[in-house]
Amino acid sequence: MEGQKQRMNNLYLIGFMGVGKSHFGRLVSDALRYQFFDTDHVIENNEQTTISKIFKNQGEEYFRKLELDLIESGLPNEACVVACGGGLAIQEGMMNVLKTKGVVISLFASKETILERTSTNKNRPLLNVDNPEEQIGQMMNARVPKYLEADASIATDARMPADIMNHIIRTYKKINKIKSS
């Protein structure tokens, strides 16, 4: 295999809203010189509307279908960092799809950190409820087991952004080397 170029599998960042998938995805993609995609933004651009309006007008099931279609055939197959919407990876069968297409790293943060990071953003339809903290807790309890099926998990609480970015890159390179061999 010497001399053969290693495949640059996509890196899929999954996790709950507010854990830093988009922020760290951009940092990592710049460092690796990969393309960056945020699935929510791509869907909003493709649909010419907001995620909130898609949820309101077409429903969550329609939105989840858009996510699946995007992952299966709407993005390049190599050299991309993809920040996945919080609910994308919990769909039945989606984790297997992501793992066959690249390296999946789940980012985590505490409920308190997530509440702090999401409290000013009103474009989060699943948190537009009377008690967002309770909603976050319930949703995290339901989603965390699926997030833990990723190739690796990294905490984003109380750490320097450069440390988190470097941890993601080291983890990606290690797993990508295994998946590419």
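In this report, the structure presented in the accompanying data block is examined.

1. Observations regarding unusual backbone geometry
Most peptide bonds are trans, and most residues other than glycine sit at a negative phi. One non-glycine residue, Arg-33, lies in positive phi territory at about 60 degrees. Checked against the element boundaries, Arg-33 lands in the loop between helix H1 (21-32) and strand E2 (35-38). A relative accessible area of 77% means that Arg-33 is categorised as exposed. For Gln-48, which is not glycine, the phi torsion reads 55 degrees and is therefore positive. In this structure, Gln-48 sits in the loop between helix H2 (39-47) and helix H3 (51-57). The exposed category is assigned to Gln-48, whose relative accessible area is 68%.

2. Here's the deal with the packing of H2 against helix H4 (residues 60-73)
Contact geometry for H2 and H4: axes closest at 10 Å, N-to-C directions at 105 degrees. Classified by the interaxial angle, the pair formed by H2 and H4 is roughly perpendicular. Contacts between H2 and H4 pair Thr-39, Asp-40, Val-42, Ile-43 and Glu-47 from the former with Tyr-62, Phe-63, Leu-66, Glu-67, Leu-70 and Ile-71 from the latter. For the contact of H2 with H4, a count of residues per class yields 7 nonpolar, 1 polar and 3 charged.

3. Here we look at the nonpolar core
Of all hydrophobic cores here, the largest spans 53 residues; its most connected members are Leu-11, Ile-14, Phe-16, Ile-71, Leu-98, Ile-105 and Ile-168. Top element by residues in this core is helix H8 (residues 161-180). It accounts for 6 residues. Setting aside its immediate chain neighbours within four residues, Phe-16 contacts Lys-21, Leu-107, Ile-114, Ile-136, Met-139, Met-140, Arg-143 and Tyr-147.

4. Remarks on the pattern of salt bridges
Following the criterion strictly, the structure yields 7 salt bridges and no others. The partner of Glu-149 in a salt bridge is Lys-146, and the shortest N-O contact between them spans 3.3 Å. Overall, the relative accessible area of 35% leaves Glu-149 in the partly exposed class. Between Lys-179 and Asp-151 there is a salt bridge, with the nearest N and O atoms lying 3.0 Å from each other. On the criterion of sequence distance, the pair formed by Lys-179 in helix H8 and Asp-151 in the loop between helix H7 (132-147) and strand E5 (152-155) is long-range, its members being 28 residues apart. Given a relative accessible area of 32%, Lys-179 falls into the partly exposed group. A residue is classified by how much of its surface remains accessible, and Asp-151, at 27% relative accessible area, is partly exposed.

Parameters at a glance
Residues numbered from 1 in each chain as written. Predicted model: local features only at pLDDT ≥ 70, side-chain atom pairs only at ≥ 80, totals over all residues. Heavy atoms only, no water. Helix = DSSP H or I, 4+ residues; strand = E, 2+ residues; numbered from the N terminus. Buried < 20%, exposed > 50% of the residue type's maximum accessible area, 1.4 Å probe, protein only. Axes fitted to C-alpha atoms, helices over the stretch in contact; angles between N-to-C directions. Parallel < 35°, antiparallel > 145°, perpendicular 65-115°, else oblique. Contact = heavy atoms within 4.5 Å. Nonpolar A, V, L, I, M, F, W, Y, C, P; charged D, E, K, R; others polar. Core = buried A, V, L, I, M, F, W, Y, C linked by side-chain atoms within 4.5 Å. Salt bridge = Lys/Arg side-chain N within 4 Å of Asp/Glu carboxyl O.

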